Amino acid sequence: MYISYFEFAFISIPIIGYLLSKTNDPLPYIDSMLFVFSIIATIMLTMKDKNTWFVWMFVNIIYVFIFAQRQLHSSTIIYFILFINTFYGYSKWNKIQKG
């Protein structure tokens, strides 16, 4: 049986968010969403779907804002570098596919 990315996210985000809400996580549903989108992006990457880079851009920039808000400077810098890296990865991926 095949399940779409949307269906996977629609089912997983509330369940994982609920589980995270039972911990001391200050943003359980946002963390759940980013976790699920990261899994989806990884699956897309293994399937060589170039749209994975857009998912990673979204995930990384949201993490930048979350970590900056929490004043976690090292994590903010790391995820900002990862955000910039997604543009490099996307452009490199396009060159390889066109080449």
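Our structure's up above, just so we're on the same page.
From a predicted model like this one, the values you see are computed outputs, not experimental measurements.

Asks: Which residues make up the overall build of the protein chain, and what values do they have?
Replies: For the protein chain, the helix and strand inventory stands at four helices and zero strands. C-alpha atoms of the protein chain, sized along the principal axes, occupy 50 × 40 × 15 Å. Within the protein chain, the fraction of its 99 residues that count as buried is 31%. Looking at the protein chain alone, contacts between residues at least 24 apart form 51% of all its contacts between residues at least 6 apart. For the protein chain, the exposed surface amounts to about 6,900 Å²; the carbon and sulfur share of it is 71%.

Asks: Let's hear about the packing of helix α3 (residues 52-69) against helix α4 (residues 73-98): which residues, and what values?
Replies: Relative to each other, α3 and α4 sit at 165°, their axes nearing to 8 Å. Between α3 and α4, the crossing angle belongs to the class labelled roughly antiparallel. As α3 runs across α4, the sense of the crossing is left-handed. Between α3, through Trp-53, Phe-54, Trp-56, Met-57, Asn-60, Ile-61, Tyr-63, Val-64, Phe-67 and Ala-68, and α4, the contact on the second element is made entirely by Ser-75, Thr-76, Tyr-79, Phe-80, Leu-82, Phe-83, Thr-86, Phe-87, Gly-89, Tyr-90 and Trp-93.

Asks: Now, about the nonpolar core: what can you tell me, with residues and values included?
Replies: Judged by nonpolar contacts, the single largest core of 13 residues is most densely connected at Ala-9, Leu-34, Val-36, Ile-40, Val-55, Val-59 and Tyr-63. Element by element, the count of residues in this core is highest for α3, at six residues. Residues within four places of Val-36 in sequence aside, it is in contact with Phe-8, Ala-9, Ser-12, Ile-13 and Ile-16.

How each quantity is defined
- Residues numbered from 1 in each chain as written.
- Predicted model: local features only at pLDDT ≥ 70, side-chain atom pairs only at ≥ 80, totals over all residues.
- Heavy atoms only, no water.
- Helix = DSSP H or I, 4+ residues; strand = E, 2+ residues; numbered from the N terminus.
- Buried < 20%, exposed > 50% of the residue type's maximum accessible area, 1.4 Å probe, protein only.
- Contact = heavy atoms within 4.5 Å.
- Areas by Shrake-Rupley, 256 points an atom, 1.4 Å probe, with all protein chains shown as cover.
- Axes fitted to C-alpha atoms, helices over the stretch in contact; angles between N-to-C directions.
- Parallel < 35°, antiparallel > 145°, perpendicular 65-115°, else oblique.
- Left-handed = near helix turned anticlockwise from the far one by under 90°.
- Core = buried A, V, L, I, M, F, W, Y, C linked by side-chain atoms within 4.5 Å.

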